[in-house]
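Structure at a glance
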Protein chains: 2
Amino acid sequence: MGQAKALFRPPERTSCCAFADRFLSTMNVLITGGGGFLGRKLCAALLKRGALTDVEGQLHPIARIRLFDVVPTATADPRVESLIGDIANTDDVRVALGEDTDSVFHLAAVVSGEAERNFDLGMRVNVDGTRVLLEACRALGRSKGYSPKVIFTSSLAVFGGPLPDPVPDEWPLMPQSSYGAQKAIGELLLNDMSRKGFIDGRALRLPTICVRPGRPNKAASSFLSSIIREPLSGLEAICPVEPSLRVWLLSPRRAIENLILAHELPATAFIHTRSINVPGLSVRVGEMVQALRDVAGDDVANCVHFQRDEAIERIVASWPAAFTATFGRALGMQADPDFASIVRAYLEDECR
Amino acid sequence: MGQAKALFRPPERTSCCAFADRFLSTMNVLITGGGGFLGRKLCAALLKRGALTDVEGQLHPIARIRLFDVVPTATADPRVESLIGDIANTDDVRVALGEDTDSVFHLAAVVSGEAERNFDLGMRVNVDGTRVLLEACRALGRSKGYSPKVIFTSSLAVFGGPLPDPVPDEWPLMPQSSYGAQKAIGELLLNDMSRKGFIDGRALRLPTICVRPGRPNKAASSFLSSIIREPLSGLEAICPVEPSLRVWLLSPRRAIENLILAHELPATAFIHTRSINVPGLSVRVGEMVQALRDVAGDDVANCVHFQRDEAIERIVASWPAAFTATFGRALGMQADPDFASIVRAYLEDECR
């Protein structure tokens, strides 16, 4: 795929002066992985919000959101444009950035299970893709005289090995998966290129997102959404871990809020690092089912059956169950207050 | 430079069976950056030692040491071969590895000042070069059915920002220089590829090496060698920092010993990380001059003149002055006992 193709064209821009237009009136946004679940939610939230803050701290209306992905994304809003392309292909990424992108949300990634099975694919998308994107932002910024903002979704998988509970902000990157190693490399690139002024980056280590809409997938964490989503649709669900197991969660709604907040922060909020452990909710799986019972009743909650799968339990139990997230909280990022709120948000957002 | 060129050919190998030869009788070593100060010292130490342990834990004589660098390295020993090539060029690196390399010492790097001035060069040599080398080792191992050992010199520059004193093993990678970021990326690649069994890597974060022979260079740390080396040659030397400033040092002799020890350790010595903070000596600059006085007398020590350079002092004072190096010590790595020993080792090794 050597050339990115526009599937939906936005209306012609009205300003005759791209430079003045960018600084004085509007913001153009690129979302990589824009066709994914979080990318589409982020796009909808940005459209609803309608404006973003530029590098000078000025709020401007959003003129265009470009969704870049390997598959097309249907959209009705004239401000939204769908582009297909390869994140590791410099030409595709340059086309996606164009001459007038102000901000990038970099969500495109090969997920953890796939990156572990296919090391080379993970390196290509998660490492090369991130580097290609950051270098293209650097080139754009150099030609235009500013540092594009880049909001990058990193992962708790950058941590591993013996971990304190909760994990403090000052803890080594010690990934025990290729996905985690690749995300850590992305963070290092983003941090150093921000320090050099090539870009203005922010990396968010997101908790496990729950409740995800849609269908179960092969991720070890998939059941954390299934045990809420399936019962609310009248379906049975298997919980493969002990009720006492603790996990670190964030609702899609809060994830999007924190991504946008990270964009809106001034660069001066960051001194030695652009990497942030995003606050989450530390909760036992049994408490998740109890919250489902409280919100939706016994009939729904009784659809969850505990049936241990030691392979899944071993993986999920190896993940950190809580973080202090001191820096993230100081920046204003917020976790969900309790799991019942997460269930209610899912009902409001996905089950209307 | 598309093709590495052999400058000095070793004698023909006597075995008719490369496989049996490798496993049963000899070890072949590649040193990248083999023409540098540490590379040449390492080569001499390996020749003197004469043998290394293979991946099975068996000690075998060293049949060949290949010195790979951008410039040729003269050598008289028939076991040593000099190759010139580009560490970021896959063809050059494959030629350097050949079909029968058992172990690689990866010392080739763009140094800190240069990596900061020329970001792209640093990325090319320190990141791409390391990745090309590790991938070539993976390909060699896959075709031969073993995991080549790779000993990588990383740096304390992977740390930065506010640091505890001493820095514990459990401390985040937070580089504040492109050199540090690039070395940290190299560590992540080496760790993940070791975890996957592609290679058998070990990354050593070396203290500042002192006393370096030769001439001063433009590194901020250059004076740490100059204030010992120049007076011992009857020359004046300027110390640009306060006598009370503490630094973290290791003699070249101990650095080489620790690199070889890292090679000899079994893979089972490593669980969650292959990265090691190498033990060093934490010493005040004033104590260094006093040790010079004790070893070589007043006339020599009086050649050192204190004349502050705030730019240099700011850089050097930002470096960590001490580490617990708990893991490195547990592996058997050793620091120099005191600075007088370092001065005496320099006199023995370089001033005969």
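Here we take up the interface of chain B and chain A. With 21 residues of chain B at the contact, the number on the chain A side is 21 residues. For the side of chain B that touches chain A, a count of residues per class yields 10 nonpolar, seven polar and four charged.

Here we take up the relation of the copies chain B and chain A. Once chain B is rotated about the relating axis by 180 degrees and shifted along it by 0.0 Å, it coincides with chain A to within an RMSD of 0.0 Å. When the rotation and shift are considered jointly, the pair of chain copies conforms to a two-fold rotation axis. For chain B, the smallest separation between a C-alpha atom and the rotation axis is recorded for Pro172 of chain B, amounting to 1.9 Å.

With that settled, consider the sheet that holds strand E13 (residues 281-284) of chain B. Residues and elements named next belong to chain B. Read from one edge of the open sheet, three strands run E9-E11-E13, paired in mixed fashion. Two strands lie at the open edges of the sheet, namely strand E9 (208-209) and E13, each paired on one side alone. Bridging between E9 and strand E11 (residues 246-250) involves two bridges; their strand directions are parallel. Residue pairing across strands places Thr208 opposite Leu249, the latter belonging to E11. Lying over the sheet, helix H9 (residues 285-296) contacts E11 and E13, oriented at roughly 90 degrees with respect to E13.

A separate point is the domain arrangement of chain A. Residue and element names in this part refer to chain A. Taken domain by domain, chain A consists of domain 1 (5-206 + 252-277) and domain 2 (222-248 + 281-321 + 336-350). With centres defined by C-alpha atoms, the gap from domain 1 to domain 2 works out at 30 Å. Every contact between the two is made by seven residues of domain 1 and, on the other side, seven residues of domain 2.

Right, let's talk about the packing of helix H3 (residues 90-97) of chain A against helix H5 (residues 119-144) of chain A for a bit. Residues and elements named next belong to chain A. Close contact between H3 and H5 brings their axes to 9 Å; oriented N to C, the two are set at 50 degrees. On the basis of the axis angle, H3 is oblique to H5. In the crossing of H3 with H5, the sense of the turn from one axis to the other is right-handed. Only Val132, Leu133, Ala136, Cys137 and Leu140 of H5 make contact with H3, whose side of the interface consists of Thr90, Val93, Arg94 and Leu97. By residue class, the composition of the contact of H3 with H5 is seven nonpolar, one polar and one charged.

As a further point, take the nonpolar core. Counting 198 residues, the largest nonpolar core has Ile31 of chain A together with Ile31 of chain B as the members making the most contacts within it. With residues near it in sequence (within four places) discarded, Ile31 of chain B still touches Gly39, Leu42, Cys43, Ile65, Leu67, Phe68, Phe105 and Leu107 of chain B.

Residue and element names in this part refer to chain A. Across chain A, the average pLDDT comes to 92, with 93% of residues at 70 or higher. The low-confidence segment residues 1-23, where pLDDT is below 50, has 43 contacts with residues more than four positions distant or belonging to other chains. As scored by the predictor, the complex reaches a pTM of 0.91 and an ipTM of 0.90.

It is worth spelling out helix H6 (residues 178-195) of chain A at this point. Residue and element names in this part refer to chain A. Counted at 1.5 Å a residue, the expected span for H6 with its 18 residues is 26 Å, and the 26 Å between its end C-alpha atoms agrees. The element H6 is extensively covered by neighbouring structure, given that 18 of its 18 residues are classed as buried. Following H6 by one or two positions, Gly197 has its phi on the positive side, about 85 degrees.

All right, on to the pairing of strand E2 (residues 27-32) of chain B then. Residues and elements named next belong to chain B. The buried count for E2 comes to six of six residues, which makes it a mostly enclosed element. Of the strand pairs in this sheet, E2 and strand E4 (residues 59-69) are connected by six bridges, and their pairing is parallel. Its bridge partner being in E4, Val29 is matched across the sheet by Ile65. Direction of pairing for E2 relative to strand E6 (residues 103-106): parallel, over a ladder of four bridges. From the neighbouring strand, Thr32 faces E6, where its bridge partner is His106.

About the thresholds
Residues numbered from 1 in each chain as written. Chains lettered and ligands numbered in written order. Predicted model: local features only at pLDDT ≥ 70, side-chain atom pairs only at ≥ 80, totals over all residues. Contact = placed C-beta atoms within 7 Å. Nonpolar A, V, L, I, M, F, W, Y, C, P; charged D, E, K, R; others polar. Least-squares fit on C-alpha atoms with pLDDT ≥ 70 in both. Pairing = 2+ DSSP bridges. Helix = DSSP H or I, 4+ residues; strand = E, 2+ residues; numbered from the N terminus. Axes fitted to C-alpha atoms, helices over the stretch in contact; angles between N-to-C directions. Domains from an automatic or database assignment. Parallel < 35°, antiparallel > 145°, perpendicular 65-115°, else oblique. Left-handed = near helix turned anticlockwise from the far one by under 90°. Core = buried A, V, L, I, M, F, W, Y, C linked by C-beta atoms within 7 Å. Buried ≥ 20, exposed ≤ 12 C-beta atoms within 10 Å, placed from the backbone. pLDDT = per-residue confidence, 0-100. Expected span 1.5 Å × (residues − 1).

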